[in-house]
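Topology and contacts: notes
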Amino acid sequence: MKIDQFAGMPCNAMGLAMTTYIGQNLGAQKPDRARKGVRIATIAMVICVSVVGIPIFFFAKQLMSIFGNDEAMIQYGVGMLHTIMPVYMIMGFQMLYGGIIRGYGYSRETMFMAIGGMVVVRRI
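First, a word on what this report is: a plain description of the structure on this page.

Conventions and cut-offs
Residues numbered from 1 in each chain as written. Predicted model: local features only at pLDDT ≥ 70, side-chain atom pairs only at ≥ 80, totals over all residues. Heavy atoms only, no water. Helix = DSSP H or I, 4+ residues; strand = E, 2+ residues; numbered from the N terminus. Buried < 20%, exposed > 50% of the residue type's maximum accessible area, 1.4 Å probe, protein only. Contact = heavy atoms within 4.5 Å. Areas by Shrake-Rupley, 256 points an atom, 1.4 Å probe, with all protein chains shown as cover. Lys, Arg positive; Asp, Glu negative; His and termini not counted. Charge placed at Lys NZ, Arg CZ, Asp CG, Glu CD. Patch = residues over 30% accessible without salt bridge, like charges linked within 9 Å, V, L, I, M, F, W, Y side chains within 5 Å. Salt bridge = Lys/Arg side-chain N within 4 Å of Asp/Glu carboxyl O. Core = buried A, V, L, I, M, F, W, Y, C linked by side-chain atoms within 4.5 Å. Axes fitted to C-alpha atoms, helices over the stretch in contact; angles between N-to-C directions. Parallel < 35°, antiparallel > 145°, perpendicular 65-115°, else oblique. Nonpolar A, V, L, I, M, F, W, Y, C, P; charged D, E, K, R; others polar.

A tally of helices and strands in the chain yields 6 helices and 0 strands. Each helix and strand of the chain, ordered N terminal to C terminal, gives the series α-α-α-α-α-α. Principal axes of the C-alpha set define a box for the chain whose edges measure 55 × 25 × 20 Å. Looking at the 124 residues of the chain, the share that counts as buried comes to 34%. Expressed as a percentage of contacts within the chain between residues at least 6 apart in sequence, the contacts between residues at least 24 apart total 67%. Surface exposure of the chain reaches about 7800 Å², of which carbon and sulfur atoms provide 68%. Separation between the mean location of the 11 positive side-chain charges and that of the 5 negative ones in the chain comes to 13 Å.

This is the structure in structure tokens:
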């Protein structure tokens, strides 16, 4: 879970930052700047998830061995990381666009996205 949380931090941070960025630009009557920021943030999120997620996927065994040398624990952790890392791009989009939608003032929709993404999709 520590590795999972580490990998998710950049996506969470970008989503939170975009909430403020979008809100400030809309308040300043600059919707074009907000849209440009969405494009740039999307590219940055894809790069960030790739830079963090790909090494975690390929070095899962070495990373899991940091937390102990029990082979069963390492194999379980590797299996978990190999299962969740391929879908981190989806999580990144969910967190990023959740922040963007929240910045546009649609909090209820963001709540439903978070429930659907974190509770339903991720747990399954």
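So that's the structure; there's more coming.
Right, let's talk about a positive patch on the surface for a bit. There is a patch of like positive charges on the surface, built from K30, R33, K36 and R39. On the secondary structure map, R33 appears in helix α2 (residues 31-58).

Among the nonpolar cores identified, the biggest contains 26 residues, and M18, I56, L81, Y88 and L96 are the most heavily contacted of them. Mapped by element, the contributors of at least two residues to this core are α1 (2-27), α2, α3 (60-64), α4 (71-84) and α5 (88-103). If one sorts the elements of this core by residue count, α2 sits on top with 8 residues.

With that out of the way, let us pick up the packing of α1 against α2. Across the interface, α1 lies against α2 with an axial gap of 10 Å and an inter-helix angle of 175°. Here α1 is positioned roughly antiparallel relative to α2, judged by the angle of their axes. Seen from α1, the contacting residues are I3, F6, A7, P10, C11, M14, M18, Y21, I22, N25 and L26; seen from α2, they are P31, R33, A34, G37, V38, A41, A44, M45, C48, V49, V52 and I56. Residues belonging to the contact of α1 with α2 are distributed by class as follows: 20 nonpolar, 2 polar and 1 charged.

Moving on: the pattern of salt bridges. Following the criterion strictly, the structure yields 2 salt bridges and no others. D32 is paired through a salt bridge with R35; the nearest N and O atoms lie 2.2 Å apart. Of the two residues, D32 and R35 both sit in helix α2, 3 residues apart, roughly one turn of that helix. Residue classification places R35 among the partly exposed residues on the basis of a relative accessible area of 42%. Its salt-bridge partner being E71, residue K61 comes within 3.8 Å of it at the nearest N-O pair.

Honestly, that's just the spatial picture; any functional story needs more than this.
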